[in-house]
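Residues per chain, in single letters:
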Amino acid sequence: MASVLLWFLVLFTITSAGRSCHPTDLKALLDFKTGIHSDTSTRLAKWSGHDCCIWEGVRCENTTGRVTQILLSGFISSDDFVFQSEMRGSLSPSILLLTSLQVIDLGGLISLGGIIPPDIGFRLPNLQKLYLYGNKLSGKVPDSISKLSKLEQLHLHENQLSGHLPSSLGNLKNLNQLFLYSNRFAGVIPDSLTHLKSLTRMDLHSNALTGHIPGKIGKMQALQKLDLSSNRLSGKIPLSLTRLNGISELYLDTNNLQGAIPFPAISGQMSSLGFLRLNDNNLTGKIPESFGYLVSLQRVSLANNKLEGAIPSSLGNLAGLTELYLSGNLLSGKIPKSIGQLSNLILLNLSHNMIQGPLPSDFPSLQNLQTLDLSFNRLNLISFPKCLAELPSLSRIYLAGCGMQGKVPDFLRATPSPIQELDLSSNHLTGSLPSWLGNLAQLYSLNLSRNYLASGIPDSITNLQHLGILDLHSNNLTGPISKVFEMGNAFPDGSLVYIDLSDNNFSGGIEQIGEGAQSGVQFMNLSHNFLESTVPTTIGRLKVIETLDLSYNRLSSNLPEALANLSTLERLKLQKNHLAGIIPVGFLELRKLKELDLSDNHLEGPIPTGKPLSEFPVSSYSGNKGLCGKPLTPCKGYMKLP
């Protein structure tokens, strides 16, 4: 009896030591590994032995031992951070040998190329989730994908896929998520997609889709998120998107009704839709009045289309609405009073339309509104509406090009919510820059450009610790600009990234440029002023600057060698000054330079030979009588002075 037990023990040991997954599955996974020649996660390097069911990223069914899941997402989480790994190579078609697969997750592997295997729908009948997003896959979506009758989630976004969307996608009856955005798909959106009654999220944005939005899209009653933005769609917004269940239109004689029309009580057939983006297309016509039937809407963007007509008053019935983007259209009429009822609204952008004034006298329920953009309409506000300054949560105010006159209103110095962003540009404001600007402790962006302001920069501006954007261009401002540079002395870790003081009457020097807070500046334009003195060597401290424009001033001295340290510089404009000397050879290190203008100075000597300097046009160097060399005339007999 003991010998029999010993035999079974030996047999069990041998069998356990030699246990392996299904030979076909093993081959498929090894072929996949062979197609990858670089894996920064090192997971594939650990695939060894014959038991693939214990390999990292592989899951098997307990009873059959067949592989059911491949979980090799590029995003690897740890306790401290999320690491995005990379697999260089191609997706092996041998993956279709894994006929029991239910989940494929190869998303976010950055460099994974190849195509989606054409027979995927015939070979993987049990597939429920297919995640191939964030790779470099190309080619078309195979028609056979429609055979994946159990598929619930299809994520192919952020690849290089092209061609038309297969109409057969409409056969995926169990699909609840369809993400195809950020690819190169063209053609129309198939009407068959409206057959996907279980679909809750459909995202097709950032492709090249054309034609109309499917007329029967309203049949997709389970949709919670719909994003068709950044395509080339045309035509009108389908009425089916907003109509009532079983009713194509509803006519009410509002003359005999008291109060608001109770749209939420008669919600539309897409009553679950909470996120709708149709922006950046070529949509025309009016916004349907029946928009108020979409009672679950929270975020809506119809911006940058060709929509016209009035803003529907029914929008005021969308009680849960938090963000509304209607900018960049041809909308006219007045802002409906009902907008003031949106108590949950956080952001309202109606800019760049043809909306007329006056504004509603008050906005009684906009207690949560933080951002308001009414810029570039036909409001003719004359003065800043005080009712806006009294909104308890408003901190980002954009009223550019609204016809305001007079001074910057004093009541902005003490608003209920600290102002973080203020844009009153392109108006008719006069007077001085108020000294109380320095009291706006949370101010990040200040744009008062294109007005008629006439004063110096107040000393208090040095108090703006969080200022990141300062745009005062095209005014009549005078005096030194040193106060802007002194901001860095008080707050050396300041956030200033954008400075535009051009087209004013500033004078004095720029000796402090590059100090303190300017170390993080990416854009600086001081052109068209009366600035004098030298270009200081401290300018080399602008380590991340991309645009530097000091043109049309009275700057003198040689070009400082320190400019060659600006390795991120893309645009350098120094024309129309009194700069002299040679062009430093170090300028050849400005590898990212795309635009250069040194014209109309007193520069001399040979232009350093090589990229990028030799590739700029003659106009970049013209008006310097002493310069020679490509692209100007060749240098003859030039002797470099000691």
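Residues numbered from 1 in each chain as written. Predicted model: local features only at pLDDT ≥ 70, side-chain atom pairs only at ≥ 80, totals over all residues. Heavy atoms only, no water.

**Remarks on the overall build of the chain**
Secondary structure assignment for the chain yields five helices and 43 strands. Across its three principal axes, the chain shows a C-alpha extent of roughly 105 × 85 × 50 Å. Across the 642 residues in the chain, those meeting the buried criterion constitute 52%. The long-range share in the chain, meaning contacts at least 24 apart out of those at least 6 apart in sequence, stands at 58%. In the form shown here, the chain has an accessible surface area of approximately 28400 Å², with 52% of it arising from carbon and sulfur atoms. (Helix = DSSP H or I, 4+ residues; strand = E, 2+ residues; numbered from the N terminus. Buried < 20%, exposed > 50% of the residue type's maximum accessible area, 1.4 Å probe, protein only. Contact = heavy atoms within 4.5 Å. Areas by Shrake-Rupley, 256 points an atom, 1.4 Å probe, with all protein chains shown as cover.)

**Some words on the pairing of strand β6 (residues 87–90)**
Two faces belong to every sheet, and in a regular strand the side chains alternate between them. Every second residue of β6 is oriented toward a common face, the buried set being Met87 and Gly89 and the non-buried set Arg88 and Ser90. Pairing geometry for strand β1 (residues 36–39) and β6, over three bridges, is antiparallel. Bridging across to β6, Ser38 finds its partner in Arg88. Of the strand pairs in this sheet, β6 and strand β8 (residues 112–113) are connected by two bridges, and their pairing is parallel. When the sheet's bridge partners are listed, Gly89 is paired in β8 with Leu112. (Pairing = 2+ DSSP bridges.)

**Quick notes on the state of the cysteines**
One way to say it: the disulfide is the covalent bond shared by the sulfur atoms of two cysteines. Applying the stated criterion across every chain yields a total of three disulfides. Note that Cys628 is cross-linked by a disulfide to Cys635, the S-S spacing being 2.0 Å. Taking the torsion about the sulfur-sulfur bond, which here is approximately 100°, the covalent link between Cys628 and Cys635 counts as right-handed. With a relative accessible area of 9%, Cys628 lands in the buried category. According to the relative accessible area criterion, Cys635 is partly exposed, its value standing at 33%. (Disulfide = S-S within 2.5 Å.)

**Quick word on empty space enclosed by the protein**
Under the counting rule described, the total for this entry stands at two cavities of 30 Å³ or more. Counted as a void, the largest cavity has a volume near 50 Å³. Every residue lining the largest cavity is listed: Leu91, Ile95, Leu96, Ile104, Leu106, Pro117, Ile120, Leu130 and Leu132. (1 Å grid on protein atoms, 1.4 Å probe; cavity = no way out; pocket = protein on both sides within 12 Å on 5 of 7 lines; lining within 4 Å. Points joined across faces, edges and corners; volume = space filled by probe spheres on them.)

**Description of the sheet that holds strand β42 (residues 602–606)**
Spatially, β40-β42-β43 is the arrangement adopted by the three strands of the open sheet, whose pairing is parallel. Looking at the sheet topology across the chains shown, the edges are occupied by β40 (580–581) and β43 (626–628). Pairing geometry for β40 and β42, over two bridges, is parallel. Residue pairing across strands places Ala580 opposite His602, the latter belonging to β42.

**Structural notes on the pattern of salt bridges**
Evaluation of the coordinates by the stated rule reveals 14 salt bridges. Here Glu86 ties to Arg88 by a salt bridge, and the two come within 3.0 Å at their closest N and O atoms. For Glu86, a relative accessible area of 18% translates into the label buried. (Salt bridge = Lys/Arg side-chain N within 4 Å of Asp/Glu carboxyl O.)

**Notes on the confidence of the model for the chain**
Per-residue confidence for the chain averages 89 on the pLDDT scale, and 90% of its residues sit at or above 70. Per-residue pLDDT stays below 50 along residues 1–18; that stretch engages in zero contacts with residues further than four places along the chain or on separate chains. Contacts of residues 246–265 to residues separated by more than four positions or lying in other chains number 17 contacts, the stretch itself having pLDDT below 50. (pLDDT = per-residue confidence, 0-100.)

**As for the side chain of Asn349**
Relative to the assigned elements, Asn349 resides in strand β25 (residues 347–349). Here Asn349 falls in the buried class, since its relative accessible area comes to 14%. Once residues within four sequence positions are removed from consideration, Asn349 is found in contact with Leu324, Tyr325, Leu326, Ser327 and Asp373.

**What to know about the nonpolar core**
Leu106 and Leu526 are the most contacted members of the largest nonpolar core, which has 168 residues in total. Elements that contribute at least two residues to this core include exactly α2 (23–34), β2 (58–60), β3 (67–71), α4 (386–389) and α5 (482–490). Filtering out sequence-adjacent residues up to four positions away, Leu526 remains in contact with Ile481, Phe485, Ile499, Leu501, Ser502, Ile510, Ile513, Leu531, Asp549, Leu550 and Asn553. (Core = buried A, V, L, I, M, F, W, Y, C linked by side-chain atoms within 4.5 Å.)

**Topic: α2**
Between the first and last C-alpha of α2 there are 16 Å, a value that for twelve residues agrees with the 16 Å anticipated at 1.5 Å per step. Inspection of α2 places Asp25, Leu26, Ala28, Leu29 and Phe32 among the buried residues, and these make up the whole buried set. Each buried residue of α2 lies within a common arc of 165° when the element is viewed along its axis, so the set occupies one face. Exposed residues lying more than 90 degrees from the buried face of α2 are Pro23 and Thr34. (Expected span 1.5 Å × (residues − 1). Arc of directions from axis to C-beta.)

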